[in-house]
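Notes for the structure review
In case you want the letters, here they are:
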Amino acid sequence: MTGQATVAVSLFTIAMVATVAIGILSARGRTRSLSEWSITERGLGTVFVLVLMAGETYTSFSFLGAAGWSYRYGIPIFYLIAYLSTGLAVAYLVAPALWTYCARHNLVSIADIAEHRFRSRPLGIAVALICTIFLIPYVQLQIQGMGVVVNAMSYGAINLKTAAIISFVVAETFILTSGLRGSAWVSVLKDSLAVLSIAILAIYIPRHYFHGPGELLDRLVTEKSQWLTFPGAAGGTFGASWFISTILLNAITICVFPTVVAGYLSAKSPNALRRNSILLPWYQILLLVPILIGAAALFAAPALTNPDLALFTLVTDALPSPVVALIGIAGALSAIVPMSVFLIAIGTLCGRTVLSGGLRGGGASDSRQRTASQLIGLLVGAIALAGSLLFPKLLVNLSVVSYEGIAQLVPAVLLGLYWRRLTALGVGAGLVTGGAVVILLHATGHDPLIGVNGGLVALTANLIVATTVSILHPPAEADSSTDRTVVHRLVERSHKPSGKSLMKESVSAPAAMSRGDGPGGEVHRVIPAPSHHAAGQPPAP
């Protein structure tokens, strides 16, 4: 092992030990309930929600894929910044509504939302299984992404398989002991290192290979102009229509993404989520730096066979080993944190909804639901690890359709809060239709379809079918007077300061709706969620 590799591996080892320690210590003095493990018992303030949600958006893809896409395609990579920022604008309205609905009814996942809203356990199970199928590739991608990062930062001393095993062990250790709270605390370390790394890269790389960013941009304009206009260097695949349709699809889908919803539900109050939606778009500006480094690699390393190595090729070539280790650790933690959140989300979805009887529990205690969820998280992590070691391309291929598949859950999780007449039958029919369209477009090679993201085409078909079926087969005893749901109340109250009491805030809008109070009325009593409803009648949001 060379001296450079020794320094990098030593620093990496210290960082991994610190990561595990932070995750474990974060659980001290906490209850061992499922709610604490999966959503921190809704106990995170604005700062922790900010770093946790930032950890989910700034993943190993930010270090590898953003620079790699910039190197290979050019301007289409800006969809990443565009949809994350646009999605946060949507989340400003959506996230408080989901938080309030779930806080009132003690829900901890999007499967709970679907099951409770439509009084359909089969629909809840379907949502849980669909999320699990489409999230496993993301777990595997983070494992493999960490392998690439650690292999590069150690100058080849740590191979891809060893790095993959390390990422699995570190993530599983602290999620089994502390859950989402551990992920939030580790996110503080991860984001601190990531911001420092980005600052170093932004200043040093352009000055090392050029005379600054100005010369780099001048050379891009004169020598690589194709990279700066749609559809970039990829031919006609990623044109303006694809760019716009992808932003629309992803901005909506990210608001119901299982791990993002887990972040919503971990907040202390809806106001913490509103502040997060205001502050987090500024964090997306950091993504410009890996994009810039990818563009620099077009001139500094023009013969790369793997574009995803664009950033670390320049890093290992230009920077001293301690700084390389720092950037590598930031990249590794950017894989571990989102991977842990994915595993917690999958564990909660399957452990509670599929194995433990869902909302009714099926006789399973809270501790049994938590144990089942932890075991599912461990099992799924092991499956993703095995896939990354044995079949590195098998599940990764599914990741192409993962986001489009989860997009089909928008009616089940979100539309039902806006439109009370939506039925379980309509949602189920739309889900089948949207899923079939996604699979058909990919199987026939027609995604994008006429330049439009295939997922948006599928979601449109999904919504049409769900709406049509719900109108033709309405729920029994539908009451049009209740169409003004909790979402509308929250929009009306969005500029009003919430009360200091968490319980009062969590029930104010739904309770007011149940009593018929005006939108500005204050509620000073808790109205418990109804224990049962008439068959086929959805509960009041």
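Look up a bit, the structure's there.
These notes cover the structure that comes with them. Everything numeric in this text was worked out from a predicted model, so none of it was measured.

What counts, and where the lines are drawn
- Residues numbered from 1 in each chain as written.
- Predicted model: local features only at pLDDT ≥ 70, side-chain atom pairs only at ≥ 80, totals over all residues.
- Heavy atoms only, no water.
- Core = buried A, V, L, I, M, F, W, Y, C linked by side-chain atoms within 4.5 Å.
- Buried < 20%, exposed > 50% of the residue type's maximum accessible area, 1.4 Å probe, protein only.
- Helix = DSSP H or I, 4+ residues; strand = E, 2+ residues; numbered from the N terminus.
- Contact = heavy atoms within 4.5 Å.
- Salt bridge = Lys/Arg side-chain N within 4 Å of Asp/Glu carboxyl O.
- Phe/Tyr/Trp six-rings, centres within 6.5 Å; stacked < 30°, edge-to-face > 60°.
- Expected span 1.5 Å × (residues − 1).
- Bend = angle between axes of the 7 residues up to and from the residue.

1. Some thoughts on the nonpolar core
A general trend in soluble globular proteins is that nonpolar side chains are found buried together. Residues Phe 12, Leu 201, Tyr 264, Phe 312 and Leu 409 are the most contacted members of the largest nonpolar core, which totals 158 residues. Here this core gets 19 residues from one element, more than from any other, and that element is helix 17 (residues 321-354). Setting aside anything within four residues of it in sequence, one finds Tyr 264 in contact with Met 53, Ala 91, Ala 95, Leu 98, Trp 99, Ile 254, Cys 255 and Leu 273.

2. Thoughts on unusual backbone geometry
Phe 230 connects to Pro 231 through a cis peptide bond whose omega is 5°. Cis geometry is found at the peptide bond from Asp 447 to Pro 448, where omega equals 5°. Within the secondary structure, Pro 448 sits in the loop between helix 21 (424-443) and helix 22 (454-472). In the Ramachandran plot, Arg 42 falls in the positive-phi region, its phi being about 50° despite a non-glycine side chain. Structurally, Arg 42 can be placed in the loop between helix 2 (34-39) and helix 3 (46-57). Under the relative-accessibility criterion, Arg 42 is labelled buried at 10%. A positive phi angle is found at Ile 450, which is not glycine, with a value near 50°.

3. Side note on the pattern of salt bridges
Between side chains of opposite charge, a pair can form when the charged atoms approach closely. Counted according to the given criterion, the structure contains four salt bridges. Across the pair Glu 36 and Arg 181 runs a salt bridge whose closest N-O atoms are separated by 2.8 Å. With a gap of 145 residues between them, Glu 36 in helix 2 and Arg 181 in helix 10 (residues 180-209) connect regions that are remote in the sequence. For Glu 36, a relative accessible area of 4% translates into the label buried. Residues Glu 223 and Arg 219 are paired through a salt bridge, measuring 3.1 Å at the closest nitrogen-oxygen approach.

4. Focus: the packing of aromatic side chains
Within the structure shown, the criterion is met by 15 aromatic pairs. Between the aromatic rings of Tyr 73 and Phe 238, the centroid separation amounts to 5.1 Å while the plane-to-plane angle is 65°, which identifies the pairing as edge-to-face. Of this pair, Tyr 73 sits in the loop between helix 5 (65-72) and helix 6 (79-105) while Phe 238 sits in the loop between helix 11 (213-223) and helix 12 (240-253), placing them 165 residues apart in sequence. Its relative accessible area of 12% is what places Tyr 73 among the buried residues. Classification of Phe 238 by relative accessible area gives buried; the value is 13%. Measuring from ring centre to ring centre gives 6.1 Å for Phe 210 and Phe 299, while their planes differ by 90°; the resulting arrangement is edge-to-face. Here the residue Phe 210 occupies a position in the loop between helix 10 and helix 11, and Phe 299 occupies one in helix 15 (residues 288-300), the gap between them amounting to 89 residues. Assessed through its relative accessible area of 15%, Phe 299 is described here as buried. A network of ring pairs unites the aromatic residues Trp 69, Tyr 73, Tyr 79, Tyr 83, Tyr 138, Phe 238, Trp 242, Phe 257, Phe 342 and Tyr 403 as a single cluster.

5. Focus: helix 6
Residues three or four positions apart in an α-helix share a direction because the helix packs 3.6 residues into each turn. Compared with an ideal rise of 1.5 Å per residue, which puts 27 residues at 39 Å, helix 6 spans 36 Å between its outermost C-alpha atoms and is within 8% of the ideal. The largest bend in helix 6 comes to about 50°, at Ala 91. Taken across its 27 residues, helix 6 has 20 buried, putting it largely inside the fold. After helix 6 finishes, the residue Asn 106 shows a positive phi value of roughly 60°.

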